[in-house]
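Spelled out, the chains give:
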Amino acid sequence: MLNAAGEVSASDLRDQVRDFLQSHDPAQLSRADFLRARFDAGLAWVHYPSGLGGQGLPRTMQPVVDQAFAAAGAPSNRPERNTIGLGMAAPTILAFGTAEQKERWLRPLWTGENVWCQLFSEPGAGSDLAGLATRAVRDGDEWVVNGQKVWTSSAHIAQRAILVARTDPSLPKHQGLSYFAVDMSAPGVEVRPLRQATGEAEFNEVFLTDVRIPDADRIGEVGQGWAVSNATLMNERVSIGGGAVPREGGTIGNATRTWREHPELRTPGLHERLLRLWTETEVSRLAGIRLRQQLAAGQPGPEGSASKLVFARLNQDVTEFEVELAGADGLRYADWSMRRPDGASYANRDAGYRFLRSKGNSIEGGTSEILRNIIAERVLGLPLELRVDRDVPWKDLPR
């Protein structure tokens, strides 16, 4: 039912889910058909516009729908396989894409039929994203792209990618960029695994050789790539550092469970550390709730960088604590087999894996050093870092 202000209430959303399930039995439908119907009913991401999987409702209403479907045992869209698509590509397409692009891409993205990856970082331009060298040259109604990208999560399972490339080297590095969506099955796209300290290769390097991209797959205006990519990065940092977790969720939950189940491992020093880490994690969780409430009013801002920065430090501190708490067993590592998983998952893994994988948290999604600059300049209003290359044409920069 509607509330007193004529708005959709949580109860009304639960009624919508109940009615939907009565006419769409998940036991009788394939996962894809069920998810497509859920999208068309506006019960995918309810804060998106009507016709694009939502109802234009506040973002805070999304958990109501997700919990109702989960309680009914309905299939999910497996968000862990498509974190870049859901957390980064989709909001960017919504903000900068054309009506045709939204209609074409958002539905298969949300249903998980199209996994997306991110082609941003390069061997010579990691933290300095604006210094990238991948070139896109206009050829009629297409762009011809050549270059190399690195640290590309899930590129080996992705159907599409978001790409930022240089379209005008005569302009300063922040101005000559444009933003595209790439078909990962296009001729000239080559994906190679990058084996990590965990033994796995969820990361990849991607080589682009004369890859042709239709101009219809350009997102935003020519030369607007820096603004579009910044919107993507702000959403990325929120999705990494501001995700919704319950109290004692995530890695702190693993640590507290081990503490309770193995009293023989406890020492006064470890007790003090656990209390501090638990408190800091809870403060971070509550700050994330406030950040998500602020997001209901619009696009994420630089505040998300603080959440991601704190998440990276805490995750590394907690997993280090886990290894120390385990004593001699903390030196063991269950399996160093080469695998190419769908993504990074800390669930059902040992403390050694979590410790090694967490080392990437302060690099992926923007290095902690870069995030501190963003917080200093854009949140705290401190003087800008001196940059002598800001107004120099990219082609004239030393490389």
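Figured I'd write up the structure that's included with this text. (Residues numbered from 1 in each chain as written. Predicted model: local features only at pLDDT ≥ 70, side-chain atom pairs only at ≥ 80, totals over all residues. Heavy atoms only, no water.)

## Details of a nonpolar patch on the surface
A cluster of nonpolar side chains, contributed by Val379, Leu380 and Leu382, occupies part of the molecular surface with about 270 Å² of accessible area. Mapping Leu382 onto the fold places it in the segment after helix H11 (368-379). Residue Leu382 is classed as partly exposed on the basis of its relative accessible area, which comes to 44%. (Patch = residues over 30% accessible without salt bridge, like charges linked within 9 Å, V, L, I, M, F, W, Y side chains within 5 Å. Areas by Shrake-Rupley, 256 points an atom, 1.4 Å probe, with all protein chains shown as cover. Salt bridge = Lys/Arg side-chain N within 4 Å of Asp/Glu carboxyl O. Helix = DSSP H or I, 4+ residues; strand = E, 2+ residues; numbered from the N terminus. Buried < 20%, exposed > 50% of the residue type's maximum accessible area, 1.4 Å probe, protein only.)

## A look at the nonpolar core
Grouped together as the largest cluster of nonpolar side chains are 43 residues, with contacts concentrated most on Trp45, Phe69, Leu106, Leu109 and Trp116. If you list the elements that add at least two residues to this core, you get helix H1 (10-23), helix H2 (31-40), helix H3 (62-71), helix H4 (83-96), helix H5 (99-111), strand S4 (160-166), strand S5 (177-183) and helix H6 (225-241). If one sorts the elements of this core by residue count, H4 sits on top with 6 residues. Once residues lying within four places of it in the same chain are set aside, the contact partners of Trp116 are Asn82, Ile84, Gly85, Ala89, Ile93, Trp105, Leu109, Ala158, Arg160, Ala161, Ile162 and Ala181. Of all hydrophobic cores here, the second largest spans 21 residues; its members include Ala136, Trp143, Val182 and Leu208. (Core = buried A, V, L, I, M, F, W, Y, C linked by side-chain atoms within 4.5 Å. Contact = heavy atoms within 4.5 Å.)

## Points about unusual backbone geometry
Backbone phi values are negative for most residues with the exception of glycine, while trans is the configuration of most peptide bonds. Within the chain, Arg78 stands out as a residue other than glycine whose phi angle is a positive 50°. Mapping Arg78 onto the fold places it in the loop between H3 and H4. The class of Arg78 is partly exposed, set by a relative accessible area of 35%. With phi around 65°, Ser154 is a residue other than glycine that occupies positive phi space. Residue Ser154 is classed as buried on the basis of its relative accessible area, which comes to 8%.

## Focus: the packing of aromatic side chains
The description of an aromatic ring pair uses the distance of the two centres, along with the angle that the planes make with each other. Scanning the entire structure with this criterion turns up 10 aromatic pairs. Ring centres 5.5 Å apart and planes at 75° place the aromatic pair Phe20 and Phe34 in the edge-to-face group. On the criterion of sequence distance, the pair formed by Phe20 in helix H1 and Phe34 in helix H2 is long-range, its members being 14 residues apart. Judged by its relative accessible area of 5%, Phe20 falls in the buried class. When the ring of Trp45 is compared with that of Tyr48, the centres are 4.1 Å apart and the planes differ by 20°; the resulting orientation is stacked. Through successive ring pairs, a cluster of aromatic residues spans Phe39, Trp45, Tyr48 and Trp110. Directly above the ring of Trp336 sits Arg195, whose terminal nitrogen or CZ lies 3.7 Å from the centroid. (Phe/Tyr/Trp six-rings, centres within 6.5 Å; stacked < 30°, edge-to-face > 60°. Lys NZ or Arg CZ within 6 Å of the ring centre and 35° of its normal.)

## With respect to the environment of Gly304
Considering the arrangement of structural elements, one finds Gly304 in helix H9 (residues 303-325). Classification of Gly304 as buried rests on a relative accessible area of 1%. Note: C-alpha distance between Gly304 and Thr60 (244 residues apart in sequence) is 17 Å.

## Focus on the pairing of strand S2 (residues 135-139)
Regular strands show a simple pattern: their side chains alternate between the two faces of the sheet. Pairing of S2 with strand S3 (residues 142-149), which is carried by 5 bridges, proceeds in the antiparallel orientation. Bridging across to S3, Arg135 finds its partner in Asn146. In this antiparallel pair of consecutive strands, S2 and S3, the connection spans 2 residues, and Gly140 shows a positive phi of 65°. (Pairing = 2+ DSSP bridges.)

## Concerning H4
Here H4 contains 14 residues, and its C-alpha end-to-end distance of 19 Å stays within 8% of the 20 Å for a straight helix at 1.5 Å per residue. Counting buried residues along H4, 10 of its 14 residues qualify, which places the element largely inside the surrounding structure. Taken together, the buried positions of H4 are occupied by Ile84, Gly85, Leu86, Gly87, Met88, Ala89, Ala90, Pro91, Thr92 and Ile93. (Expected span 1.5 Å × (residues − 1).)

## Points about H1
Along its 14 residues, H1 runs 21 Å from first to last C-alpha, staying within 8% of the 20 Å computed at 1.5 Å per residue. Here H1 has its buried residues at Asp12, Leu13, Val17, Phe20 and Leu21. Elements that come into contact with the buried residues of H1 comprise H2 and H3.

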